[in-house]
Every structure is written in C-alpha cells, then in structure tokens.
Amino acid sequence: METKKNGVISWLDRNVRKNGAAAGLLLVILIGIIVNGRVFLSIDNITNVGRQAAVRGLLACGISLTIISGTIDLSISTLFPLCGLVCLYCSNYSVILAFVVPLLLAAVVGSVNALLITKARIHPWITTIAMQLGLNGVNLLLTKGNTYKPGHVSGALMAFGNFSLFGKVDMQLICLVLVFIVFGYLTRRRPAFRCLYAVGASEEAAAMMGVQVFRARMTAHVLCSLLAGVAGILLVSRSGAGQAAS
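Predicted model only: the values in this text are computed from it and were never measured.

Peer 1: What is the right way to read the packing of helix α5 (residues 95–118) against helix α11 (residues 213–239) from this model?
Peer 2: The axes of two packed helices give the description: the angle between them and the distance between them. The N-to-C vectors of α5 and α11 enclose an angle of 145°; their axes lie 7 Å apart at closest approach. The crossing of α5 and α11 is right-handed.

Peer 1: How do you make sense of the pattern of salt bridges when you look at a structure like this?
Peer 2: As a working rule, side chains carrying opposite charge can pair if their charged atoms are close by. Evaluated as defined, the whole model comprises 2 salt bridges. One salt bridge connects glutamate 203 with arginine 121, and the closest N-O pair in it is separated by 3.2 Å. Of this pair, glutamate 203 sits in helix α10 (residues 203–208) while arginine 121 sits in the loop between α5 and α6 (124–143), placing them 82 residues apart in sequence. A residue is classified by how much of its surface remains accessible, and arginine 121, at 54% relative accessible area, is exposed. For the salt bridge of glutamate 203 with arginine 217, the shortest nitrogen-to-oxygen distance reads 3.1 Å. Of this pair, glutamate 203 sits in helix α10 while arginine 217 sits in helix α11; the two residues are 14 residues apart in sequence, bridging distant segments of the chain. Among the residues examined, arginine 217 registers a relative accessible area of 6% and is labelled buried. It is possible to trace a salt-bridge network through shared partners that takes in Arg121, Glu203 and Arg217.

Peer 1: Even after reading the chapter, I still don't get the side chain of threonine 187, so can you show me in this structure?
Peer 2: Mapping threonine 187 onto the fold places it in helix α8 (residues 171–189). Among the polar contacts listed, one links the side chain of threonine 187 to the backbone oxygen of glycine 184, at a separation of 3.3 Å. Excluding residues that lie within four positions of it along the chain, threonine 187 makes contacts with Leu65, Phe193, Arg194 and Tyr197.

Each value, and the rule that gives it
- Residues numbered from 1 in each chain as written.
- Predicted model: local features only at pLDDT ≥ 70, side-chain atom pairs only at ≥ 80, totals over all residues.
- Heavy atoms only, no water.
- Axes fitted to C-alpha atoms, helices over the stretch in contact; angles between N-to-C directions.
- Helix = DSSP H or I, 4+ residues; strand = E, 2+ residues; numbered from the N terminus.
- Left-handed = near helix turned anticlockwise from the far one by under 90°.
- Salt bridge = Lys/Arg side-chain N within 4 Å of Asp/Glu carboxyl O.
- Buried < 20%, exposed > 50% of the residue type's maximum accessible area, 1.4 Å probe, protein only.
- Polar contact = N/O pair within 3.5 Å; in protein donor to acceptor, adjacent residues only side chain to side chain.
- Contact = heavy atoms within 4.5 Å.

This is the structure in structure tokens:
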C-alpha cells in the first residue's frame with residue numbers, strides 16, 4: 001500500500017514539474033469553483049476572462065519565442081499601444097491600411113531589435129528597454145497624454161473587433177486560441193522553430209551544428225513584435241479609441 005502511495009506521489013510530482021503551467025491553471029480553476037462555482041463556470045464569465053486575457057496572452061506568446069531563443073523583448077509593452085494608435089489613425093483612410101501599416105511597423109521594430117542584439121552585440125535588456133522608452137515617447141507625442149479617438153472609425157474595423165462566434169466567443173479569444181494552436185504546433189514540429197531552443201541553450205554550440213543564429217533570433221523578434229501588433233489592433237478595434245499606455 002505504501003509503495004502504491006509513493007508511486008502516485010512520484011507520478012504527480014513528475015507531471016506537475018513537466019506541466020507546471022497547466023497545473024497552475026487547474027489550481028486557479030479549482031479555487032474559482034470552490035469559491036463560487038455557479039458564476040465562475042458561467043459562459044459569460046469565461047468569455048469575459050478570455051477577452052481580458054487575450055491581449056496579454058498574445059504578448060506572452062510572442063515574448064516566449066524570444067526567451068526560448070536566449071534573448072528578451074521588453075519593448076512590446078509600448079509597441080502594442082503604438083500599433084493600436086497607428087491602426088486607428090489609418091482607419092480614417094482605409095481599413096486595409098489600418099491592418100497592414102501597424103503590422104509593418106511592428107515587423108520593422110522587431111527587425112531593428114534583432115539586428116542590434118545579434119549583429120551589434122548589444123545586450124537584449126539594453127536594446128529593448130531603449131526601444132521601449134523611444135516608442136513610449138512616440139506614443140505620448142501622438143496622443144499628448146490623452147485618449148485618441150479618430151474622427152472616423154472604419155465600420156469594418158469595428159465589426160471585426162466586436163465580432164463574436166455564437167454571440168459568446170469574442171474575436172479576441174478566437175485569435176488567442178488560434179495563435180496558441182499554431183505556435184504550439186510550430187515550436188514542436190517545425191525545424192525552423194525547433195532551432196530556437198538550440199540557439200537559446202547555447203549560441204556557440206548551435207552555430208557549430210549549422211544553425212543560423214541570426215535567422216533564428218530575427219524570426220523570434222519579428223514574430224514577437226507582430227503578435228504585439230495584432231494585440232494592439234484587437235484592443236482598439238473593439239473600443240475605437242487608443243491610449244499611450246494600455
């Protein structure tokens with residue numbers, strides 16, 4: 001009996017260590033059920049929590065790629081509100097520009113970060129904090145510290161941000177789930193993304209094995225910034241207004 005008990009404890013210990021995030025999520029859900037299960041498990045509450053977590057979830061997914069590759073990107077905290085502001089500004093002219101321009105801006109910022117970190121050999125913390133401060137200054141210049149609301153917000157943009165599946169599952173949550181599924185697959189199955197783990201573990205060893213370190217880090221930083229751009233677009237497309245800090 002004691003051996004069986006120890007085996008169960010050992011199995012739980014291994015799985016909690018291997019799937020710590022999932023175990024933490026299950027613990028939070030269990031606490032919510034105990035405190036007020038009827039309200040906590042309601043569809044309205046679940047979709048509301050998902051909507052609020054969507055932006056941070058997209059940012060977390062992006063920054064995870066840079067951490068896996070051995071760097072970090074702190075500039076996304078000011079990049080995603082900037083992309084939201086640019087989206088709103090461009091929506092005065094064209095809904096296509098409202099989507100394309102912020103993503104192009106995000107890709108440029110990610111590329112600059114990767115170049116400075118990989119080629120100029122500037123520490124990721126210094127590079128991305130400097131970028132963060134610079135983008136924050138741009139945000140403040142654009143908004144003058146106030147909430148920005150364009151004179152004309154594209155109806156298509158607002159329809160996109162306020163779309164909900166079956167009237168319950170919001171667009172923000174749909175995008176978050178799709179991004180998690182896609183990047184979960186890529187980081188497990190595709191060699192181009194598996195290389196991120198090798199670079200993050202040892203840049204020198206990865207280079208000796210033929211892994212292109214610059215390409216891997218460029219991929220991580222550009223995708224991180226693009227996900228921040230998507231988060232910014234989703235945020236403003238629902239409210240029709242943007243701020244320097246979101």
